[in-house]
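Architecture and fold: a report
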Amino acid sequence: MKKNNTGMLEGPLFPSIIKYVVPLMLSSILQILFNAADQVVVGRFCGSDAFASVGATSSLVNLIVNLFIGISTGAGIVVAKAYGARDDKTVHNAVHTAIPLAVISGTILTLIGLFFSKKLLVFMDTPADILPYSTKYLKIYFCGSIFSLLYNFAAAILRAVGDTKSPFISLSIAGIVNVVLNIVLVTLFNMDVDGVAIATVISHVISSILVIYSLCNREDSARLMFGKLKIYKDSVLNILKIGIPSGLNSCMFSMSNVLIQSSINSFGKAVVAGDSAARSVEHFTYVVMNSFYQASLNFTGQNLGAKQYKRLFKAVGVCLLSVMIIGLTMSVVIYTFGESLLSIFITDSPDAIRYGMIKLAFVGLPYFLCGMMEVSTGAIRGFGAAIVPMIISVIGVCGIRIGWILTIFKIPKFHTLESLYFSYPVSWILTFIAQMIALYFVYKNYRKKNQDI
């Protein structure tokens, strides 16, 4: 196997982690910018109704897609542990199982989107005046599911072996095409949300082709060879063992967000538009936090495979400190310039901007707590323990948010946006504490099974 030169297993940790996360951050920020371009084009050329219709679909998309994204996380963890242990056969089998698994998952997603989009949107109490727009957008969006999942599975493998640059380059090229197509289809061909959705699908096709090309040109055991593609029994079981709980965990997060989105929808389209714009702004903070989650996940996985346990925990500590400092700094800056940032997306509704600022205050400012929770979750998953973080997240995040909606939010005095949004930071901090306790016990249990520590 080619020598590991990413710094995951050797050298100073902080520079290695920063070197790893910077392309991840740039990839995610670019993705947010490109998605924001979708919304800017719709908001400026099609009006706030069309803008709100795209925003109203995001929670539903996350709910449906995240199960399969979780499975790609499972593939990355299996590859990271085997790569760190220099187990070439396991790496090879996992890579060549993950790609057909992505195609199967994408096919299932496409069928769900085509046949159930409208019913699910109605279930979420999507306002009637934006329902046709939202339905049209979702159906087209899900037609690109196979390519979206191919990108996510292949990118997870590349990141597991330390390559965060190839996904970044692939996403950059695809994103530029997406922005150009947005403008052309909406302004020149007079399309609305359907033009934005078509541009998104085409960008998914491009990014998947480019990232698969990167896998095919590797010189180590993670190299993809189309003639070797098959579902290897041991690999698929290991991937699903980790991936399904991770995906269910994400789905439960999204389910609680769907319930919150339904509650937001009940306040009217101005609130929906403000919430959507604030979500687009605060995503810049989230993707930075998520980059350190990926670092925690894969540094843990590789060092666990290499039996470098002290380095493993030092890496987790560096990630936690980084999300605290960087996350809080970003949140303060974003809130300070919040009205200007929200006005990029919303040009015809001062009320929507005001509602967006409420979300930035209650959710955006304490976002670093979400980052700390994500890093601790990534460390546990890096150990291959997927059930534990799922249970904690279901109870600590989803349980609190759903319980909040069904109890506190029902009280007339607390039936406000402020009360609804306050459930986010409460759930983050309680879940982080629980995950850190769980990480200690997961490590102790691992020590009992591995006496060489």
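Our subject in this report is the structure included herewith.

Rules used throughout
- Residues numbered from 1 in each chain as written.
- Predicted model: local features only at pLDDT ≥ 70, side-chain atom pairs only at ≥ 80, totals over all residues.
- Heavy atoms only, no water.
- Helix = DSSP H or I, 4+ residues; strand = E, 2+ residues; numbered from the N terminus.
- Rg over C-alpha atoms; globule rule 2.2 N^0.38 Å.
- Buried < 20%, exposed > 50% of the residue type's maximum accessible area, 1.4 Å probe, protein only.
- Contact = heavy atoms within 4.5 Å.
- Areas by Shrake-Rupley, 256 points an atom, 1.4 Å probe, with all protein chains shown as cover.
- Lys, Arg positive; Asp, Glu negative; His and termini not counted.
- Charge placed at Lys NZ, Arg CZ, Asp CG, Glu CD.
- Core = buried A, V, L, I, M, F, W, Y, C linked by side-chain atoms within 4.5 Å.
- Salt bridge = Lys/Arg side-chain N within 4 Å of Asp/Glu carboxyl O.
- Phe/Tyr/Trp six-rings, centres within 6.5 Å; stacked < 30°, edge-to-face > 60°.
- Lys NZ or Arg CZ within 6 Å of the ring centre and 35° of its normal.
- Expected span 1.5 Å × (residues − 1).
- Bend = angle between axes of the 7 residues up to and from the residue.
- Axes fitted to C-alpha atoms, helices over the stretch in contact; angles between N-to-C directions.
- Parallel < 35°, antiparallel > 145°, perpendicular 65-115°, else oblique.
- Polar contact = N/O pair within 3.5 Å; in protein donor to acceptor, adjacent residues only side chain to side chain.
- Left-handed = near helix turned anticlockwise from the far one by under 90°.
- Nonpolar A, V, L, I, M, F, W, Y, C, P; charged D, E, K, R; others polar.

**Structural notes on the overall build of the chain**
Counting secondary structure elements, the chain contains 16 helices and zero strands. In summary, the chain has a C-alpha radius of gyration of 21 Å against a globular reference of 22 Å for 453 residues, a match within 12%. Oriented by its inertia axes, the alpha-carbon framework of the chain measures out at about 60 × 45 × 35 Å. Counting all 453 residues of the chain, 60% fall into the buried class. Contacts spanning at least 24 positions in sequence make up 84% of the contacts within the chain whose residues lie at least 6 apart. On the chain, roughly 18,000 Å² of surface is accessible, and the fraction owed to carbon and sulfur atoms is 68%. In the chain, 35 positive and 21 negative side-chain charges are present, and the distance between their average locations comes to 12 Å.

**Quick look at the nonpolar core**
In a soluble, globular protein the nonpolar side chains are often hidden away together inside. Ranked by size, the top nonpolar core spans 137 residues in total, and within it Ile-17 and Phe-292 carry the most contacts. At 15 residues, helix α10 (residues 269-305) tops the list of elements feeding residues into this core. With residues up to four places along the chain from it excluded, the contact list for Ile-17 reads Phe-292, Ala-295, Phe-299, Ala-315, Val-318 and Cys-319.

**Quick look at the pattern of salt bridges**
All told, the structure shown has seven salt bridges when counted by the stated rule. Across the pair Arg-354 and Asp-351 runs a salt bridge, and its minimum N-O distance is 3.5 Å. Of the two residues, Arg-354 and Asp-351 both sit in helix α13 (residues 350-364), three residues apart, roughly one turn of that helix. A relative accessible area of 40% means that Asp-351 is categorised as partly exposed. Three or more residues joined by partner-sharing salt bridges are found here, namely Asp-275, Arg-279, Glu-282 and Lys-359.

**Some words on the packing of aromatic side chains**
According to the stated counting rule, one finds twelve aromatic pairs in the structure shown. An angle of 35 degrees between the planes, with centres 5.0 Å apart, marks the rings of Tyr-367 and Trp-428 as tilted. Taken together, the residues span a long stretch of sequence, with Tyr-367 in helix α14 (residues 367-382) and Trp-428 in helix α16 (residues 417-449) at a distance of 61 residues. Taken together through their ring pairs, the aromatic side chains of Tyr-286, Tyr-367, Tyr-424 and Trp-428 make up a single cluster. Above the ring of Tyr-355, the side-chain terminus of Arg-354 is found at 4.7 Å from the ring centroid.

**A short note on the environment of Ser-28**
By the element assignment, Ser-28 lies in helix α1 (residues 13-46). With 210 residues separating them along the chain, Ser-28 and Asn-238 place their C-alpha atoms 27 Å apart. Not counting residues within four places of it along the chain, the set of residues in contact with Ser-28 comprises Val-287 and Ser-291.

**Some remarks on α10**
Relative to the 54 Å expected for 37 residues at 1.5 Å per residue, α10 spans 50 Å between its end C-alpha atoms, a close match to the ideal helical length. By the largest-angle criterion, His-283 marks the main kink of α10, which is about 35 degrees. When you tally the buried positions in α10, you get 32 out of 37 residues, the bulk of the element.

**Re the packing of helix α6 (residues 145-160) against helix α7 (residues 165-188)**
The interhelical angle for the contact between α6 and α7, taken along N-to-C directions, is 150 degrees, at an axis separation of 8 Å. Taken together, the axis directions place α6 and α7 in an arrangement best described as roughly antiparallel. Between α6 and α7, the residues in contact are Tyr-151, Ala-155, Leu-158 and Arg-159 and Ser-166, Pro-167, Ser-170 and Leu-171, respectively.

**With respect to unusual backbone geometry**
Although it is not a glycine, Asn-190 sits at a positive phi angle of roughly 55 degrees. Within the secondary structure, Asn-190 sits in the loop between α7 and α8 (193-216). Taking the relative accessible area as the measure of exposure, Asn-190 reaches 66% and is therefore exposed.

**Remarks on the side chain of Ser-235**
In this fold, Ser-235 is placed in helix α9 (residues 233-265). At 3.4 Å, the side chain of Ser-235 forms a polar contact with the backbone nitrogen of Ala-94. Once you skip the residues sitting within four places of it in the chain, Ser-235 turns out to touch Thr-90, Asn-93, Ala-94 and Thr-97.

**Observations regarding helix α15 (residues 387-406)**
In the structure, α15 departs most strongly from a straight axis at Gly-399, where the bend amounts to approximately 35 degrees. Within the span of α15, buried status applies to Pro-389, Met-390, Ile-392, Ser-393, Gly-396, Val-397, Cys-398, Ile-400, Arg-401, Trp-404 and Ile-405.

**Details of the environment of Ala-56**
Here Ala-56 shows up in the loop between α2 (48-55) and α3 (58-84). Owing to a relative accessible area of 0%, Ala-56 belongs among the buried residues under this scheme. Distance from Ala-56 to Asn-265, taken between C-alpha atoms, is 8.0 Å for residues 209 residues apart in sequence. Beyond its immediate stretch of four places on either side in the chain, Ala-56 contacts Leu-121, Met-124, Thr-126, Ile-130, Ser-134, Gln-261, Val-272 and Ser-276.

**Describing the environment of Leu-342**
Positionally, Leu-342 belongs in helix α12 (residues 338-345). Judged by relative accessible area, which is 0%, Leu-342 ranks as buried. Once the C-alpha coordinates of Leu-342 and Ala-277 are considered, the two residues, 65 residues apart in sequence, prove to be 5.9 Å apart. If we ignore the near neighbours within four places in the chain, the residues touching Leu-342 are Ala-277, Ala-278, Val-281, Ile-353, Gly-356, Met-357 and Leu-360.

**Quick look at the packing of helix α4 (residues 88-123) against helix α5 (residues 131-142)**
It is the contact of α4 with α5, at a shortest axis distance of 8 Å, that shows an interaxial angle of 165 degrees. Judged by the inter-axis angle, α4 sits roughly antiparallel to α5. When the axes of α4 and α5 are compared, the crossing they make is right-handed. Counted together, Leu-109, Thr-110, Gly-113, Leu-114, Ser-117, Lys-118, Leu-121 and Val-122 of α4 and Leu-131, Ser-134, Thr-135, Leu-138, Lys-139 and Phe-142 of α5 form the full contact between these two elements. The residue makeup of the contact of α4 with α5, split by class, is seven nonpolar, five polar and two charged.

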